[in-house]
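Below, each chain spelled out in residue letters.
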Amino acid sequence: MNAPARPVVTPAATDPAPQTGASAPITQDVLTIPRKLPEAGRTNLVGLTREQLRDALIAAGTPEGQAKMRVGQVWQWIYQKGVRDFAAMTNLAKDYRALLAENFTVDVPELVSRQISADGTRKYLVRIAGGHEVETVYIPEEGRGTLCISSQVGCTLTCTFCHTGTQKLVRNLTPGEIVGQVLLARDDLGEWPAPGRAPKDETRLLSNIVLMGMGEPLYNFDAVRDAMKIAMDPEGISLSRRRITLSTSGVVPMIARTAEEIGCQLAISFHATTDEVRDKLVPINKKWPLKELLEALRTYPKLSNSERITFEYVMLKGVNDSDDDARRLVKLIRGIPAKINLIPFNEWPGAPYQRSDWERIESFAEIVYRAGYASPIRTPRGEDIMAACGQLKSATERARKSRAEIAAETAR
Ligand code: SAH
Ligand code: SF4
């Protein structure tokens, strides 16, 4: 493809004005860095588990006795130092670097554009193989920073308050595309340490991961597990499992496996206190109703040795926000170590709900708090760039035109 790089107009720029956004200017960068396409016959090492990487290195000619050590070395270059070029992996012998380059690539998804909100939130539009697009959001906070990553393009579920839910599932992300979002964000934040020094958790710009972007992570379990194992590995991204939170709408049979095979923190999109209302808001409830969901949640902390479960509760005016709802909620979750995150509904164009009034949210929070649970009200972040919870919806649908343009460009 010899055509000169030309700016890509990202669809987000044409989104309708936000309803409650801040007035300070938003910056939008259009990035035109061409992505290195995976070359024929070479395997991308990003996202391979330790075992898969070991097997791949042996198949390429690494002596079995050295393979374990090589896995550690290569992982450190990729995940702790941000190195994508084998020639720069200087603690490996020259011949070995050449062997790696012949057989493998280190590819991350392509960063198409970045928008920075008035509050510092960064929304990345990320293109994955096949031209599909997902969004990743970085939320800076005092002394820490959280990356909200996507696990699917679209979602099979149809929660009625969620923007992603209006988009059909296009495909699951691979482990490399999931962990690749972390590498991309670190590129953008410039957070690669000086050689030989892993960043300390306390000082990291990117210190936490939440699987709360597009998609239902428990419907892409294996890929999410493999990616999160790399995120938690001391020779990988090296984040404590306490700094990783997986949010699910309630795929009950996968909750115990999450505890056993990932062991991260769990957040549950609860949102209602009766099956009647939850059936409407989170339709997966028809398959696994509240009783079954609560049973699975009761066993999670013990199985995963984690402290408490986060109950996410989106505040929808006149739908689930009464004092009675708050009382029912604390009754339902009695006995489960929990924190209740109250999320003021983030509006999106055409949404069938409204955000509860502030006094209503406070009254709800007060009842939950008095019952002994932390009940923070989540401040919406990045609303002016549609980066807040539940506002994500990939360009695969929004931007048919730009994808057609991409296809035309590739064919040229
Ligand atoms: N599929 C997973 C994770 C992605 S959604 C899940 O449902 O848990 C991440 C969180 O954002 C969920 O708690 C979801 O219920 C919430 N959410 C979705 N749409 C929202 C909206 N418009 N306003 C506020 N929160 C929303
Ligand atoms: Fe899917 Fe979660 Fe949105 Fe429901 S809330 S549609 S599960 S992304």
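Residues numbered from 1 in each chain as written. Chains lettered and ligands numbered in written order. Predicted model: local features only at pLDDT ≥ 70, side-chain atom pairs only at ≥ 80, totals over all residues. Heavy atoms only, no water.

## Some points on the overall build of the chain
Each helix and strand in the chain was counted, giving twelve helices and 14 strands. Taking all 412 residues of the chain together, 54% fall into the buried category. In the chain, of all internal contacts separated by at least 6 residues, the share reaching a separation of at least 24 is 69%. Split by element, the accessible area of the chain, about 18,100 Å² in all, is 53% carbon and sulfur. (Helix = DSSP H or I, 4+ residues; strand = E, 2+ residues; numbered from the N terminus. Buried < 20%, exposed > 50% of the residue type's maximum accessible area, 1.4 Å probe, protein only. Contact = heavy atoms within 4.5 Å. Areas by Shrake-Rupley, 256 points an atom, 1.4 Å probe, with all protein chains shown as cover.)

## Regarding the nonpolar core
Grouped together as the largest cluster of nonpolar side chains are 107 residues, with contacts concentrated most on Phe161, Met228, Leu297, Phe311 and Ile340. Broken down by element, the residue count for this core peaks at eight residues, all from helix α5 (residues 221-232). Counting only domains with at least three residues in this core, you end up with domain 1 (43-105) and domain 2 (110-194 + 202-385). Those residues in contact with Phe161 that sit more than four places away from it in its chain are His271, Leu281, Val282, Val314, Leu316, Phe345, Trp348 and Tyr353. Of all hydrophobic cores here, the second largest spans six residues; its members include Ile139, Cys148, Met212 and Ala267. (Core = buried A, V, L, I, M, F, W, Y, C linked by side-chain atoms within 4.5 Å. Domains from an automatic or database assignment.)

## Some words on the UniProt feature "binding site: [4Fe-4S] cluster" (unreviewed entry) in the chain
Within this numbering scheme, the UniProt entry marks Cys155, Cys159 and Cys162 as carrying the feature "binding site: [4Fe-4S] cluster" (unreviewed entry). Topologically, Cys155 is positioned in the loop between β8 (152-153) and β9 (171-172). Non-local contacts of Cys155, meaning those with residues more than four positions away in its chain, are made with Thr164, Gln167, Lys168, Leu169, Gly215 and Glu216. The residue Cys162 is located in the loop between β8 and β9 in this model. Its relative accessible area of 17% is what places Cys162 among the buried residues. (UniProt positions renumbered as here; feature names shortened; annotations may be inferred.)

## Quick look at the site of ligand 1
Near ligand 1 there are 21 residues, and of these Gly215, Ser247, Ser269, His271 and Glu312 occur at the shortest range. A distance of 2.6 Å separates an oxygen atom of ligand 1 from a polar atom in the side chain of Ser247. In the model, an oxygen atom of ligand 1 is placed 2.9 Å from a nitrogen or oxygen of the Glu312 side chain. If ligand 1 stood free it would expose 530 Å²; the protein chains cover 96% of that surface. Of all the secondary structure elements, the ones that give two or more residues to the shell around ligand 1 are β11 (244-248) and β13 (309-315). Partitioned by chemical class, the residues of the shell around ligand 1 number ten nonpolar, nine polar and two charged. (Near = heavy atom within 4 Å. Polar contact = N/O pair within 3.5 Å; in protein donor to acceptor, adjacent residues only side chain to side chain. Nonpolar A, V, L, I, M, F, W, Y, C, P; charged D, E, K, R; others polar.)

## Focus: the UniProt feature "active site" (unreviewed entry) in the chain
According to UniProt, the feature "active site" (unreviewed entry) maps to Glu135 and Cys389 in the numbering used here. Looking at the secondary structure, you find Glu135 in strand β6 (residues 132-141).

## Considerations on helix α2 (residues 64-80)
The terminal C-alpha atoms of α2, which comprises 17 residues, lie 24 Å apart, in line with the 24 Å expected from a rise of 1.5 Å per residue. Remark: the principal bend of α2, roughly 30°, maps to Arg70. Buried within α2 are the following residues: Ala67, Arg70, Val71, Gly72, Gln73, Val74, Trp75, Trp77, Ile78, Tyr79 and Gln80. Just beyond α2, the residue with positive phi is Gly82, at close to 70°. (Expected span 1.5 Å × (residues − 1). Bend = angle between axes of the 7 residues up to and from the residue.)

## Digging into the site of ligand 2
In the vicinity of ligand 2, the residues found are Cys155, Leu157, Cys159, Cys162, Gly165, Gly215 and Ser249. Of the residues belonging to the shell around ligand 2, the class tally is four nonpolar, three polar and no charged.

## What about the pairing of β13?
Extensive coverage of β13 is indicated by the burial of seven of its seven residues. On β13, burial covers both faces: Ile309, Phe311, Tyr313 and Met315 on one face and Thr310, Glu312 and Val314 on the other are all buried. Note that strand β12 (residues 265-269) and β13 share three bridges and pair parallel. Among the inter-strand pairings, Ala267 is bridged to a residue of β13, identified as Thr310. Bridge count for β13 against strand β14 (residues 338-344) is seven bridges, and the pairing is parallel. (Pairing = 2+ DSSP bridges.)

## Topic: the packing of helix α4 (residues 175-189) against α5
Their axes nearest at 8 Å, the elements α4 and α5 cross at an angle of 40°. Considering their axes alone, α4 and α5 lie oblique with respect to each other. As α4 runs across α5, the sense of the crossing is right-handed. Facing α4, whose interface residues are Pro175, Ile178 and Val179, α5 presents Ala223, Val224, Asp226, Ala227, Met228 and Ile230. Of the residues assigned to the contact of α4 with α5, the class counts are eight nonpolar, no polar and one charged. (Axes fitted to C-alpha atoms, helices over the stretch in contact; angles between N-to-C directions. Parallel < 35°, antiparallel > 145°, perpendicular 65-115°, else oblique. Left-handed = near helix turned anticlockwise from the far one by under 90°.)

## A closer look at unusual backbone geometry
Among all residues save glycine, negative phi is the norm, and among peptide bonds the norm is trans. Positive phi, close to 65°, is recorded for Ser238, a residue that is not glycine. Tracing the backbone through its elements, the reader meets Ser238 in the loop between α5 and β11. We classify Ser238 as partly exposed; its relative accessible area is 22%. Look at His271: it is not a glycine, yet its phi comes out positive at around 70°. Along the chain, His271 turns up in the loop between β12 and α7 (275-281).

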